[in-house]
Amino acid sequence: MKRSQLTYLFSLLFFVLGISNSTAQSGDQMLDGIGETGLIARYIFDENTKDWSRNNLHASTNAEEVNFVVNAQFEQALQLTGETYLSLPQTTLNTIESLSISAWVQLNTIKKGQQLFDFSSSSNTHFSAETAADETVKIGLKQGSKSISASIPDVVPNEWQHLVIVLDFTTQNLETYLNGRLIAKQPTAALDLNSFFDTESNKLTIGKNVNGLLHDFRIYRIPLRQNQIETIYNNALGKEEAVVNERHEPEDNLQVFDKDVPQLYNQYLSNVADVTVETVVGQLPRLPRFVDATYKLPVNTSQVRVIWPAPKDNSSVLQPGQYEITGSISGTSFKPKATVLVKAVQPSKTPVRKLTSFALNEVNLNNTSLGDHSKFIENRNKFIDTLAQTNPDSFLYMFRNAFGQEQPEGATPLGVWDTQETKLRGHATGHYLTAIAQAYASTGYDKALQKNFEDKMNYMVNTLYDLSQLSGKPKTEGGAYVEDPSSVPPGPGSTAYTSDLSEDGIRTDYWNWGKGFISAYPPDQFIMLEHGAKYGGQETQVWAPYYTLHKILAGLIDVYEVSGNPKALQVAEGMAAWVHTRLSKLPTETLITMWNTYIAGELGGINESLAHLHRITGKSEYLETAKLFDNIKVFYGDAEHTHGLAKNVDTYRGLHANQHIPQIMGALELYRNSNSPEYYHIADNFWYKTKNDYMYSIGGVAGARNPANAECFVAQPATLYENGLSAGGQNETCGTYNMLKLTRGLFFYNQQPELMDYYEQALYNQILASVAENSPANTYHIPLRPGSRKQFSNADMSGFTCCNGTAIESSTKLQNSIYFKSVDNKALYVNLFVPSTLTWKEQDVVITQETSFPREDHTKLTVNGKGKFELNLRIPGWATAGVELKINGKTQKIAIEAGSYLSLDRKWKNGDTIELKMPFTFHLDPIMDQENIASLFYGPVLLAAQEDAPRTDFRKITLNAEDLGKTITGDPKALEFTIDGTTFKPFFETYERHSVYLDVSLKN
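J.: Please give an account of the packing of helix 10 (residues 606–617) against helix 13 (residues 657–674) that cites residues and values.
T.: Viewed as axis vectors pointing N to C, helix 10 and helix 13 meet at an angle of 25°, and their least axial separation amounts to 7 Å. Considering their axes alone, helix 10 and helix 13 lie roughly parallel with respect to each other. Here helix 10 and helix 13 pass one another in a crossing that is left-handed. Each of Asn 607, Glu 608, Ala 611, His 612, His 614 and Arg 615 in helix 10 lies in contact with helix 13, whose residues at this interface are Pro 662, Gln 663, Met 665, Gly 666, Ala 667, Glu 669, Leu 670, Arg 672 and Asn 673. In terms of residue class, the contact of helix 10 with helix 13 is built from five nonpolar, six polar and four charged.

J.: Explain empty space enclosed by the protein to me, and be specific about the residues and the numbers.
T.: Under the criterion given, the structure shown has eleven cavities of 30 Å³ or more. What the largest cavity holds in volume is close to 130 Å³. Forming the walls of the largest cavity are 13 residues, and the residues nearest its centre are Leu 740, Tyr 759, Leu 763, Lys 813 and Asn 816. For the lining of the largest cavity, the elements supplying multiple residues, two or more each, are helix 16 (733–747) and helix 17 (753–767). Per element, the largest residue contribution to the lining of the largest cavity is four residues, and it comes from helix 16. A per-class count over the lining of the largest cavity returns seven nonpolar, three polar and three charged.

J.: So what's going on with helix 1 (residues 226–236)? Which residues, and what values?
T.: Within an α-helix, residues lying three or four positions from one another point in the same direction, as the helix has 3.6 residues per turn. For helix 1, a buried count of nine out of eleven residues is recorded, marking the element as mostly surrounded by other parts of the structure. Along helix 1, the residues classified as buried are Asn 227, Gln 228, Ile 229, Thr 231, Ile 232, Tyr 233, Asn 234, Asn 235 and Ala 236. In the core, the buried residues of helix 1 are packed alongside strand 6 (99–107), strand 11 (161–168), strand 12 (173–178) and strand 15 (211–220). Remark: Gly 238 follows helix 1 within two positions and exhibits a positive phi of approximately 70°.

J.: Describe in detail the pairing of strand 4 (residues 75–81), supporting the description with residues and values.
T.: Sheet topology places strand 3 (residues 67–71) next to strand 4; five bridges connect them, and they run antiparallel. Bridge assignment links Phe 68 to a residue of strand 4, and that residue is Leu 78. Counting the residues between successive antiparallel strands, the hairpin from strand 3 to strand 4 contains three residues. Sheet topology places strand 4 next to strand 15; four bridges connect them, and they run antiparallel. Within strand 15, the position partnered with Leu 78 by the bridge is Leu 214.

J.: Explain the environment of Asn 607 to me, using residue names and the numbers behind them.
T.: Within the fold, Asn 607 resides in helix 10. The buried category is assigned to Asn 607, whose relative accessible area is 0%. Taking the C-alpha atoms as reference points, Asn 607 and Lys 335, 272 residues apart in sequence, are found 42 Å from one another. Not counting residues up to four positions away in its chain, the partners in contact with Asn 607 are Ala 626, Phe 629, Pro 662, Gln 663, Gly 666, Ala 667 and Leu 670. One polar contact links the side chain of Asn 607 to the main-chain carbonyl oxygen of Gln 663, over a distance of 3.2 Å.

J.: Tell me what's going on with the sheet that holds strand 18 (residues 290–295), and back it up with residues and numbers.
T.: Strand order across the open sheet formed by three strands is 16-18-19, with antiparallel pairing between neighbours. Taken across any chain shown, the strands that pair with only one partner, and hence form the sheet edges, are strand 16 (269–272) and strand 19 (303–305). The sheet shows a mean angle of 50° between the axes of neighbouring strands, taken without regard to direction. The pairing of strand 18 with strand 19 spans three bridges and is antiparallel. By the bridge assignment for strand 19, Asp 292 is matched with Gln 303.

J.: Can you break down the confidence of the model for the chain residue by residue, with the values?
T.: Per-chain confidence: the chain averages 92 in pLDDT, with 95% of residues scoring 70 or above. Between residues 1–29, whose pLDDT stays under 50, and residues either more than four places distant or in other chains, the model counts 116 contacts. When the criterion is pLDDT under 50, residues 241–250 qualifies, and its contacts beyond four places in sequence or with other chains add up to 24 contacts.

J.: Describe the packing of helix 11 (residues 620–627) against helix 13, with residues and values.
T.: In helix packing, the relevant descriptors are the interaxial angle and the interaxial distance, both defined with respect to the helix axes. Between helix 11 and helix 13, the shortest axis-to-axis distance is 11 Å and the interhelical angle comes to 145°. Where helix 11 crosses over helix 13, the handedness of that crossing is left-handed. In this structure, helix 11 uses Leu 623, Ala 626 and Lys 627 to contact helix 13, whose residues at the interface are Leu 670, Asn 673 and Ser 674. Per-class residue counts for the contact of helix 11 with helix 13 are three nonpolar, two polar and one charged.

J.: If you had to explain the layout of surface pockets to someone new, which residues and values would you point to?
T.: Of the pockets and cavities examined, the largest pocket occupies roughly 1700 Å³. In terms of lining residues, the largest pocket is bounded by 48 residues, among which Phe 290, Lys 691, Gly 877, His 923 and Leu 924 are the most central. Of all the secondary-structure elements, those providing two or more residues to the lining of the largest pocket are strand 18, strand 19, helix 14 (677–693), helix 17, strand 38 (922–927) and strand 39 (930–938). Looking at the lining of the largest pocket, its residues break down into 22 nonpolar, 15 polar and eleven charged.

J.: Outline the pattern of salt bridges, listing residues and values.
T.: Applying the stated criterion across every chain, the model contains 33 salt bridges. Residue Arg 874 pairs with Glu 760 through a salt bridge whose shortest N-O separation is 2.7 Å. Placement of Arg 874 in strand 33 (residues 867–875) and of Glu 760 in helix 17 is noted, with a sequence separation of 114 residues between them. On the basis of relative accessible area, Glu 760 is assigned to the buried category, the value being 1%. The partner of Lys 868 in a salt bridge is Asp 905, with the nearest N and O atoms 3.2 Å apart. Of this pair, Lys 868 sits in strand 33 while Asp 905 is found in strand 36 (residues 900–908), placing the two residues 37 residues apart along the sequence. Linked by salt bridges that have partners in common, Glu 947, Arg 951, Asp 953 and Arg 955 make up one network.

J.: An account of the sheet that holds strand 33 is requested, with residue identities and associated values reported.
T.: Each strand in a sheet pairs with its neighbour through backbone hydrogen bonds, running either in the same direction (parallel) or in the opposite one (antiparallel). The five strands lie next to each other as 22-28-29-33-36, forming an open sheet whose pairing is mixed. Across the chains shown, the open sheet's two edge strands, defined by having one partner strand only, are strand 22 (355–357) and strand 36. When strand polarity is set aside, the average angle formed by the axes of neighbouring strands in this sheet is 30°. Alignment of strand 22 against strand 28 (residues 819–822), held across three bridges, turns out to be antiparallel. Looking at strand 28, one finds that Ser 357 is bridged to Phe 820.

J.: Describe the environment of Thr 690, with residues and values.
T.: In this structure, Thr 690 sits in helix 14. Residues Thr 690 and Gly 700, spaced ten residues apart in sequence, show a C-alpha to C-alpha distance of 9.7 Å. With residues near it in sequence (within four places) discarded, Thr 690 still touches Tyr 652, Met 695, Val 701, Phe 713 and Met 739. Reaching out from Thr 690, the side chain makes a polar contact with the backbone oxygen of Phe 686 at a distance of 2.8 Å.

Cut-offs used in this document
- Residues numbered from 1 in each chain as written.
- Predicted model: local features only at pLDDT ≥ 70, side-chain atom pairs only at ≥ 80, totals over all residues.
- Heavy atoms only, no water.
- Axes fitted to C-alpha atoms, helices over the stretch in contact; angles between N-to-C directions.
- Helix = DSSP H or I, 4+ residues; strand = E, 2+ residues; numbered from the N terminus.
- Parallel < 35°, antiparallel > 145°, perpendicular 65-115°, else oblique.
- Left-handed = near helix turned anticlockwise from the far one by under 90°.
- Contact = heavy atoms within 4.5 Å.
- Nonpolar A, V, L, I, M, F, W, Y, C, P; charged D, E, K, R; others polar.
- 1 Å grid on protein atoms, 1.4 Å probe; cavity = no way out; pocket = protein on both sides within 12 Å on 5 of 7 lines; lining within 4 Å.
- Points joined across faces, edges and corners; volume = space filled by probe spheres on them.
- Buried < 20%, exposed > 50% of the residue type's maximum accessible area, 1.4 Å probe, protein only.
- Pairing = 2+ DSSP bridges.
- Polar contact = N/O pair within 3.5 Å; in protein donor to acceptor, adjacent residues only side chain to side chain.
- pLDDT = per-residue confidence, 0-100.
- Salt bridge = Lys/Arg side-chain N within 4 Å of Asp/Glu carboxyl O.

What follows is the structure in structure tokens.
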């Protein structure tokens, strides 16, 4: 029986389980109300033992064949007879925060010794569930000489039973469930659960000595809650229908605070100013998120955060006039007012692009002024050194496989999301192309290393070029072929398109694929999406074909721009033409449906790449194709462009964050190429809303509990506490990578200091903080709940998630935003304080920046050469303790404002020095809707409490209201501090358990 015939519809990342077609969801955002980030592995046992999660942790058996039988309840199930059992990969349970196991079991008899699972490690830990003679299942936990046990009674033979075992590391409890009911809760405080399974000597088996049937065995890294378990149980039996993207009850035990709990400075509020703003007809006003306020005692702020209503359309501004909006302030009864003056429509004024970046080879990273490696060099070297050791054939493996070509001797495929049957395969190759291009441009300091990357680039491009030349051309002279991309037929012997990529099922008839096609899988997924295919693991479902293509196109363009390789451009143009031929024939309604289909329609930033390709080649069809990727529903509200982001309406609340951020970058690139004001408004409005209403303190912008999907924006703006802080993690790292790209792109047009303040915050506190201590392993999600721990992966670059992919890009271009220049080469912007050397060829000067920032609060710039130009120095928003400027050693008596750019326009002489001192102070970054929950910063550096165990509550600290530093001790040069006996360190140097958010009280 084929998977497409099963009634269990499965989505590879976010799944919905249903017992009949009526409960099947369309590839949307949940598995029984549980976001995918909590899922480690899922074995459905419908006709194989593969892991149906994205993690490819496929089970193996001790027998040549296993038996799957037809079953009235679940159509198919795995039959075990006592001889056969399954083994899981050793790393399945590494770096878990908690552990939940869910399984449907039908035992023929309840006899002693049937092991439903048996997980152990050489460190003398053991976790198992096995039957006893008294019709119970015994759960055992053993660690050294200590042990804990529990029982699930009344397990009935020859009937399907749903068993769930939860190990909650935070509450230190073992919970057992039978058929949706909580059976028992057993304390586990005697054991050190944190040391369970963090080893590659794990032995993990399922089904030893079992006589019966097994179906839908799931492993989660989170503690499932009662309502989630009930939903899994009821959905499987068809008792209720899962509702996509909806949460009926709180999914976890996040702390609830009384409304009268003092919330930081808000407890001292005495008055809040009302505001007046202007807008034009059709455009929702941009309301200030912080307004002037007065306090009952001196505190280190003169403003307060206001939460304004967030309309879903622009009906309030369709006519000229005046209206009033009432806001709220967390934890208070203050209701500030905003008077909105709606004026008649005026021509949109949008900025021109004033700045541009320096090439990567024009900025070199240096050691710090103390002589050691900066964090930038440290992270760069981890990635550059490992990339140099990679084998390009691994990144080409699935491309050759798709085209039916032989693999070179010794070639091995990548893992994780690039395996044989994974529908996103090839995505890592695009990231790899960009990373090796950037590495090539950045390694002029080591010619042998640079040659390594040059050879890799040429090999990759030559191979992809040769494969692309096969598409749409006869295999043999005079043979049949299909050159027209819009006429691609189904595979040989098939009447339908399919996403089957198995070794036996994949089509390799490249002569029928249309001229110019290149991918690591056949064209079927693109065509299926046009016909309404949803996201999932079945052969009738797809996984983001245009997302994958974007990575490849972007990588090819990056190679072309640093090396001039004409084949790279030719391959990119060939695929762009293929896409143009297909999409230009589709009606607008179909495109709207495609780009609003969850994950299946995720297009990455392909609109950006196509617009970029237009700029390189001057070919108008690429710009036209880029516009076909407009997400009309999000950008404009509807096909009539009624509202949407273009008119400052938040149309993306609750949506998948990183599915949409790259689309916004594409809008900005389209503005650059088409000069359409709407595109600029889309990008600018999105950034302002996202930064102010959806951002966590590390700079990331996703992590919803509502919807039940940690990769989504929260369901309502400015509700990060009520609806955020998902147990599955927050702040998908590649989302922040894309936010940084958008931020620098906007800064080229509008030099607002807050843009680069955000850039610094996210760069230091998420991107630099996302890398492991001793390898280039990096984070996917970064959990921000109390006592959390980062989880790193892909140390050897052998298997990539999306965030592993963007990590190799981020860490090979860390110098790309330290300096910008004006397009006329008359002005220089110094944005970041990083030890580095800039070669400004057009001005014939070299500028060296010496600093140990952020271990020092000052930096020194030295001009080598001479010339007249305007030097613009960023004065960070956090630099509120006064800033000192010296030129050639002499203090300048000028007013310097925090949160600005200081402009110095003069004729610079050889040897001129500019010194900037910006004393660090402590400040808090609170969650907008629960302000006593806040992160502590020292200057730009997020300080994390170093924890030795998970926590159920936020760590409480008390600080002085007038001067936070009065209650903090420590060593500023080491960036290590102590509060109430707890150590606080930079988050970018935190590798074990941490608390980023704290429960802060202020005292006089």
